Amino acid sequence: MHCPYCNASDTKVIDSRLAADGAQVRRRRSCNGCQERFTTFEMVEVVMPRIIKSSAKIEPYDNEKLRRSILLPLQKRPITIDEQEAMISRIEKRVRQMGEREISSKVLGEIIMSELKTLDDVAYVRFASVYRDFQDIDAFHQEIANIRPAEKDNE
């Protein structure tokens with residue numbers, strides 16, 4: 001592993017831990033050249049299904065696109081990086097378990113929304129407002145009303 005600070009290839013692992021519900025290994029590393037420390041994540045590379053967009057265009061699965069679409073509604077929310085990574089791992093696991101070569105972006109969006117709903121209501125509504133293309137305040141009210149009965153059932 002090359003050091004991100006000085007690009008030296010002589011780095012050592014200081015600490016290793018499981019992360020993202022065991023789907024990743026988080027490694028704390030130290031550069032033997034500049035002595036800086038940094039974190040890396042190791043995970044199994046698996047073939048993910050291609051995504052069928054609403055325009056019928058087919059795109060390869062893009063982990064970074066998924067990550068950006070999830071991290072944006074989670075901004076300034078009290079969700080740790082480990083919780084975010086665990087959620088991303090759960091989403092990818094659910095997609096892989098479908099066993100399909102291609103899935104629609106609509107199915108992926110619904111999986112993301114179900115995970116966000118269990119993690120953080122505000123992030124869920126933020127994501128849903130873009131994903132479902134809310135046009136007015138009434139759409140927000142309706143989505144919030146749909147969340148609240150579920151909360152009362154859990155009490």
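It should be noted that the structure appears before, not after, this text.
Overview of the structure. (Residues numbered from 1 in each chain as written. Predicted model: local features only at pLDDT ≥ 70, side-chain atom pairs only at ≥ 80, totals over all residues. Heavy atoms only, no water.)

**As for the state of the cysteines**
One pass over the full model with this rule turns up zero disulfides. Counting only cysteine sulfurs, C3 is the nearest neighbor of C34, a cysteine outside any disulfide, at a range of 3.7 Å. Given the relative accessible area of 29%, C34 is considered partly exposed. (Disulfide = S-S within 2.5 Å. Buried < 20%, exposed > 50% of the residue type's maximum accessible area, 1.4 Å probe, protein only.)

**With respect to the packing of helix α1 (residues 63–71) against helix α2 (residues 81–97)**
Between α1 and α2, the shortest axis-to-axis distance is 11 Å and the interhelical angle comes to 130°. Judged on the interaxial angle alone, α2 and α1 are oblique. The interaxial crossing formed by α1 with α2 has right-handed handedness. Only Q84, E85, M87, I88, I91 and E92 of α2 make contact with α1, whose side of the interface consists of N63, L66, R67, I70 and L71. Class assignment for the residues of the contact of α1 with α2 results in six nonpolar, two polar and three charged. (Axes fitted to C-alpha atoms, helices over the stretch in contact; angles between N-to-C directions. Helix = DSSP H or I, 4+ residues; strand = E, 2+ residues; numbered from the N terminus. Parallel < 35°, antiparallel > 145°, perpendicular 65-115°, else oblique. Left-handed = near helix turned anticlockwise from the far one by under 90°. Contact = heavy atoms within 4.5 Å. Nonpolar A, V, L, I, M, F, W, Y, C, P; charged D, E, K, R; others polar.)

**Thoughts on the environment of C34**
Positionally, C34 belongs in the loop between β2 (24–31) and β3 (37–43). For C34 and E115, which are 81 residues apart along the polypeptide, the C-alpha to C-alpha distance reads 40 Å. Setting aside anything within four residues of it in sequence, one finds C34 in contact with C3, Y5 and C6.

**With respect to the nonpolar core**
Grouped together as the largest cluster of nonpolar side chains are 24 residues, with contacts concentrated most on L66, I70, L74, I91, L108, I112 and L116. At the level of elements, α1, α2, α3 (105–119) and α4 (121–131) are the ones that each hand at least two residues to this core. Not counting residues up to four positions away in its chain, the partners in contact with L66 are Y61, I88, I91, E92 and I112. (Core = buried A, V, L, I, M, F, W, Y, C linked by side-chain atoms within 4.5 Å.)

**Observations concerning the sheet that holds β3**
Sheets are built from strands paired through backbone hydrogen bonds, the pairs being either parallel or antiparallel. One open sheet holds the three strands; their spatial order is β1-β2-β3, and the pairing between them is antiparallel. Every other strand in the sheet has two partners, leaving β1 (11–19) and β3 as the edge strands with one partner each. Adjacent strand axes in the sheet meet at a mean angle of 25° when their direction is disregarded. Pairing of β2 with β3, which is carried by seven bridges, proceeds in the antiparallel orientation. (Pairing = 2+ DSSP bridges.)

**Examining the pairing of β2**
Across eight bridges, the pairing between β1 and β2 is antiparallel. Paired with R17 across the two strands is R26, which belongs to β2. Turn length for the β1-β2 hairpin, with the two strands adjacent in sequence and antiparallel, is four residues, and the turn residue A20 shows positive phi of about 50°.

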